[in-house]
Amino acid sequence: MHGRRCASSCSRPSRTRWSPIIEGLKLDKQKAEKLVGIGADWGLKNLETAVAFTEATLTAEAAVQTEADTERDATSQIRLLLGDEGFASYQECQKEFPARTLVDQFNKQLGPFPISAIQRGALARVIEAEPTEVASGLAGDFTVRELVSPGGLDGRFEAQAESNQRILQAAAGFLSPEQVESLRLMQVSNMSAQKGTVLRILRKL
């Protein structure tokens, strides 16, 4: 129900999320703007759903159902816009988004000493080997279900911590010790930022 986090999360929509699809399908400006607009509306509706839950105007069950309805409607719009072949490319982008995002972030963090193309590919494969839901969370995506479920967030962050450790252990085989430490620091920073985002959404900050 909440496996397509690339667009359905409560994170802030970003044009960069859609760039691979826009470029890969060579979408014209009108279609590109429409696609970005659908994604923005999708994210906003989910955020509004989470806020409604915090204000006690929606039950947890109703919030999760609203998220599912929003996903279904947005997905239908995207399929109609892109066609079956384009929609398949969209789904592939969803799978690749976490690894692409995290590898790019890590590369930028290294500044003038970026990792090599071989290292980029190896790190992407390590991240892609993680469960889809967990990898999406590492890239900063949240679902309404996680925000409203009593143990959803605790379970999310526990799974992410375990995933981060697996990624670090695997990365030690192709990154230098200094690069591994830099990756660890990025993971710590991302987790801290995500927890802050959750608290703000739930109005606990």
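Preceding this paragraph is the structure being described.
Residues numbered from 1 in each chain as written. Predicted model: local features only at pLDDT ≥ 70, side-chain atom pairs only at ≥ 80, totals over all residues. Heavy atoms only, no water.

Participant: I'd like to hear about the overall build of the chain, residue by residue, with values.
Facilitator: Of regular secondary structure, the chain possesses nine helices and zero strands. Listing the helices and strands of the chain from first to last along the sequence gives α-α-α-α-α-α-α-α-α. Summarising its shape, the C-alpha atoms of the chain cover approximately 50 × 40 × 25 Å along the three principal directions. Looking at the 205 residues of the chain, the share that counts as buried comes to 46%. By sequence separation, contacts in the chain at least 24 residues apart represent 72% of the contacts at least 6 residues apart. (Helix = DSSP H or I, 4+ residues; strand = E, 2+ residues; numbered from the N terminus. Buried < 20%, exposed > 50% of the residue type's maximum accessible area, 1.4 Å probe, protein only. Contact = heavy atoms within 4.5 Å.)

Participant: Please provide a residue-by-residue account of the packing of aromatic side chains, values included.
Facilitator: Overall, the coordinates contain two aromatic pairs when judged by the stated rule. Ring geometry for W18 against Y90: centres 6.0 Å apart, planes inclined by 10 degrees, an arrangement best described as stacked. Of the two residues, W18 is situated in helix α2 (residues 15-24) and Y90 in helix α4 (residues 60-109); the sequence distance between them amounts to 72 residues. Neither residue differs from the other here; W18 and Y90 are each classed as buried. (Phe/Tyr/Trp six-rings, centres within 6.5 Å; stacked < 30°, edge-to-face > 60°.)

Participant: Can you tell me about the nonpolar core, naming the residues and giving the values?
Facilitator: Counting residues in each nonpolar core, the largest one holds 21 residues, and the members touching the most others are L102, F106, L123, I127, I167, L175 and L183. Where this core is concerned, the elements lending two or more residues are α4, α5 (117-128), α6 (132-138), α8 (152-171) and α9 (177-201). Apart from residues no more than four positions distant in its own chain, F106 is found in contact with I115, L123, L175, Q179, S182, L183 and M186. (Core = buried A, V, L, I, M, F, W, Y, C linked by side-chain atoms within 4.5 Å.)

Participant: Run through the packing of helix α3 (residues 29-54) against α4, naming residues and quoting values.
Facilitator: Remark: α3 packs on α4, axes separated minimally by 9 Å, with the N-to-C direction vectors making an angle of 170 degrees. In terms of orientation, α3 lies roughly antiparallel with respect to α4. Residues K31, K34, L35, I38, W42, K45, N46, T49 and F53 of α3 form the contact with α4, whose own contacting residues are A60, A63, T66, E67, T70, E71, A74, T75, Q77, I78, L81 and Y90. A per-class count over the contact of α3 with α4 returns ten nonpolar, six polar and five charged. (Axes fitted to C-alpha atoms, helices over the stretch in contact; angles between N-to-C directions. Parallel < 35°, antiparallel > 145°, perpendicular 65-115°, else oblique. Nonpolar A, V, L, I, M, F, W, Y, C, P; charged D, E, K, R; others polar.)

Participant: Can you lay out the pattern of salt bridges for me, pointing to particular residues and giving the numbers?
Facilitator: With the rule as written, the count across this model stands at seven salt bridges. Here R72 ties to D73 by a salt bridge, and the two come within 3.9 Å at their closest N and O atoms. R72 gets classed as partly exposed once you look at its relative accessible area, which sits at 48%. One salt bridge connects E130 with R166, and the closest N-O pair in it is separated by 2.5 Å. Residue E130 is found in the loop between α5 and α6, and its partner R166 is found in helix α8; the two are separated by 36 residues along the sequence. Counted as one network, the salt bridges with shared partners bring together D69, R72 and D73. (Salt bridge = Lys/Arg side-chain N within 4 Å of Asp/Glu carboxyl O.)

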